[in-house]
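Structural characterization, general
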Amino acid sequence: MGLLGTAAQRIVFIFLMSSMLSLLGCAQHNNTATLYERIGGQSAINTIVENLLYRIAEDEDVVGYFANTNIDLFAESFATQLCDISDGPCRYDGPPMDRAHQTMGITDAHFNRVVEYLDDAMRREGVPLSARNDLLGRLAPLYEDVMRLR
Ligand code: HEM
């Protein structure tokens, strides 16, 4: 009789193989989840941007930068950029970061405050620390561009 001689042995073998494959499948799924998915997708991003705007509105130092801004367009554009940069299904095609922030005179302190508000907004939305750090890590290199023409 061979290794898989009886029907019962075959069933046990198939059961073990499929358990192993589904375990591998789970591991695979966690490893390949995009940052966009780990943040919670577009509805989470939209809520995060809304929370961020409330925080900015309450900060009399920072809100001044937005005095002449169409807030709905800003919210949409920023949400698209967050979706794009987190490997979601969006392409940001707005102005480059240096042009979008030129002649605003943004200070380092105000830059840091906006980043802190964004982190708070993500935390309030239940985004895990690792995903928050990953997103902030992807935004950090944009600092140079945001500040280039200030
Ligand atoms: C990494 C940090 C930042 C990113 C990724 C970012 C991203 C963006 C994006 C995508 C837009 C919309 C551009 C458009 O569609 O016209 C925008 C606009 C704007 N951002 Fe930022 N931003 C950052 C930091 C800041 C900071 C620190 C401030 C102020 C303290 C600021 C103030 C503004 C204002 C006022 C506008 C609207 C400009 C307008 O009215 O045309 N941003 N930003």
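Look a little higher up for the structure.
What counts as what
- Counting from 1, residues in each chain are numbered in the order their sequence is written.
- Only residues with pLDDT of at least 70 are given local features in this predicted model, and only at 80 or more are side-chain atom pairs given and counted; all residues enter the totals for whole chains, interfaces and linings.
- Hydrogens and water molecules were not included; the side-chain quantities draw on all heavy atoms of the structure.
- For Na, K and Ca the donor cutoff is 3.2 Å, while for all other metals N, O and S atoms must lie within 2.8 Å; water is not among the atoms, so some sites may look incomplete.
- Secondary structure elements are taken from DSSP: a helix is a run of H or I of four residues or more, a strand is a run of E of two residues or more, and numbering for both begins at the N terminus.
- Only the stretch in contact is used when fitting a helix axis, every axis being a line fitted to C-alpha atoms; angles between N-to-C directions are given from 0 to 180 degrees.
- Between 65 and 115 degrees an angle is taken as roughly perpendicular, under 35 as roughly parallel, over 145 as roughly antiparallel, and anywhere else as oblique.
- Left-handed is the label given to a crossing in which the near helix is rotated counterclockwise from the far helix by less than a right angle, and right-handed is the label when the rotation is clockwise.
- We call two residues in contact whenever any of their non-hydrogen atoms come within 4.5 Å of each other.
- Gly is placed with the polar residues, together with every amino acid not listed as nonpolar (Ala, Val, Leu, Ile, Met, Phe, Trp, Tyr, Cys and Pro) or charged (Asp, Glu, Lys and Arg).
- Between Lys or Arg on one side and Asp or Glu on the other, a salt bridge is scored when a side-chain nitrogen of the former is within 4 Å of a carboxyl oxygen of the latter.
- Exposed residues in this analysis have more than 50% of their type's maximum accessible area, buried residues have under 20%, and partly exposed residues fall in between, with area computed by a 1.4 Å probe over protein chains only.
- As used here, the arc belongs to the directions running from the helix axis to the C-beta atoms.
- We define a nonpolar core as any set of buried Ala, Val, Leu, Ile, Met, Phe, Trp, Tyr and Cys residues linked to one another through side-chain atoms lying within 4.5 Å.
- In a helix, the anticipated span is given by 1.5 Å times the number of residues less one.

**Considerations on the coordination of the iron atom of the ligand**
- No protein donor other than His101 (NE2) coordinates the iron atom of the ligand, and that contact is at 2.0 Å.
- Looking at where histidine 101 falls in the secondary structure, it is placed in the loop between α5 (97-100) and α6 (108-124).

**Considering the packing of helix α3 (residues 41-58) against helix α4 (residues 71-85)**
- Look at α3 against α4: their axes get within 10 Å of each other, and the N-to-C directions meet at 135°. When the axes of α3 and α4 are compared, the pair comes out oblique. Considering only the axes of α3 and α4, their crossing is right-handed. Contacts between α3 and α4 involve Gln42, Ile45, Asn46, Val49, Leu52 and Leu53 from the first element and Ile71, Phe74, Ala75, Phe78, Ala79, Leu82 and Cys83 from the second.
- Per-class residue counts for the contact of α3 with α4 are eleven nonpolar, two polar and no charged.

**Some thoughts on the pattern of salt bridges**
- Taken as a whole and assessed by the stated rule, the structure comprises ten salt bridges.
- Across the salt bridge formed by arginine 38 and aspartate 134, the nearest N and O atoms sit 2.8 Å from each other. On the criterion of sequence distance, the pair formed by arginine 38 in helix α2 (residues 35-39) and aspartate 134 in helix α7 (residues 129-139) is long-range, its members being 96 residues apart.
- Looking at aspartate 134, the relative accessible area reads 34%, which means it is partly exposed.
- A salt bridge links arginine 55 to aspartate 120, with the shortest nitrogen-to-oxygen separation between them at 2.9 Å. Taken as a pair, arginine 55 in helix α3 and aspartate 120 in helix α6 lie far apart in primary sequence, 65 residues in all.
- Overall, arginine 55 belongs to the partly exposed group, its relative accessible area being 26%.
- Judged by its relative accessible area of 17%, aspartate 120 is buried.

**Some remarks on α7**
- The set of residues buried in α7 consists of Ala131, Arg132, Leu135, Leu136 and Leu139. Mapping the buried residues of α7 onto a view down its axis gives an arc of 130°, with all of them on the same face.
- Lining the buried residues of α7 we find α2, α4, α6 and α8 (143-148).

**Notes on the nonpolar core**
- The biggest cluster of nonpolar side chains holds 32 residues, and the ones touching the most others in it are Ile45, Val49, Leu82 and Leu118.
- Contributing elements (two or more residues each) for this core: α2, α3, α4, α6, α7 and α8.
- Of the residues forming this core, the biggest block, six residues, is contributed by α3.

**Things to note about α6**
- Its 17 residues place the ends of α6 24 Å apart at the C-alpha level, agreeing with the 24 Å of an ideal helix rising 1.5 Å per residue.
- Every buried residue of α6 is listed here: His110, Phe111, Tyr117, Leu118, Asp119, Asp120, Ala121 and Met122.
- Check the buried side of α6 and you find it contacts α3, α4, α7 and α8.
- After α6 finishes, the residue glycine 126 shows a positive phi value of roughly 80°.

**Regarding unusual backbone geometry**
- The backbone of aspartate 87 shows a phi angle near 65°, a positive value even though the residue is not glycine.
- Mapped onto the elements, aspartate 87 comes out in the loop between α4 and α5.
- The backbone phi angle of threonine 103 is positive, close to 55°, even though this residue is not glycine.
- On the secondary structure map, threonine 103 appears in the loop between α5 and α6.
- Classification of threonine 103 by relative accessible area gives exposed; the value is 68%.

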